[in-house]
Amino acid sequence: MERITTSARERLPAAIADFDVGGLVRKKVSDYPIEQLEALILSVAAQHLKTIELFGAAIAFFLVCCRR
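Residues numbered from 1 in each chain as written. Predicted model: local features only at pLDDT ≥ 70, side-chain atom pairs only at ≥ 80, totals over all residues. Heavy atoms only, no water.

1. Quick word on the packing of aromatic side chains
Line of reasoning, step 1. For the structure on display, the rule yields 1 aromatic pair.
Line of reasoning, step 2. Residues F61 and F62 carry aromatic rings whose centres are separated by 5.8 Å and whose planes lie at 65° to one another, so their mutual orientation is edge-to-face. As far as the burial class goes, F61 and F62 line up, both exposed. (Phe/Tyr/Trp six-rings, centres within 6.5 Å; stacked < 30°, edge-to-face > 60°. Buried < 20%, exposed > 50% of the residue type's maximum accessible area, 1.4 Å probe, protein only.)

Take a look at the structure:
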């Protein structure tokens, strides 16, 4: 087990360096159709905006209730 762990620790940094995640993501995004990319970004933004609005409403509710 120790031999396997030692070998993995020696070889893993080189394997990670060879694997260009940023490049793969850039390629996938640049190849994605603009209309679908826009729709995806807007749907994710809308989902997060709803979450932010709900947290804001909850905080406002607690502030109003605590003032009384």
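2. What to know about helix α1 (residues 2–18)
Line of reasoning, step 1. Between the first and last C-alpha of α1 there are 25 Å, a value that for 17 residues agrees with the 24 Å anticipated at 1.5 Å per step.
Line of reasoning, step 2. Maximal helix bending in α1 amounts to about 35°, located at R11; proline P13 follows within four positions.
Line of reasoning, step 3. Where burial is concerned, little of α1 is hidden: 0 out of the 17 residues are buried. (Helix = DSSP H or I, 4+ residues; strand = E, 2+ residues; numbered from the N terminus. Expected span 1.5 Å × (residues − 1). Bend = angle between axes of the 7 residues up to and from the residue.)

3. Some remarks on the environment of E35
Line of reasoning, step 1. One can find E35 in helix α3 (residues 34–67).
Line of reasoning, step 2. As for E35 and M1, which are separated by 34 residues in sequence, their C-alpha atoms are 51 Å apart.

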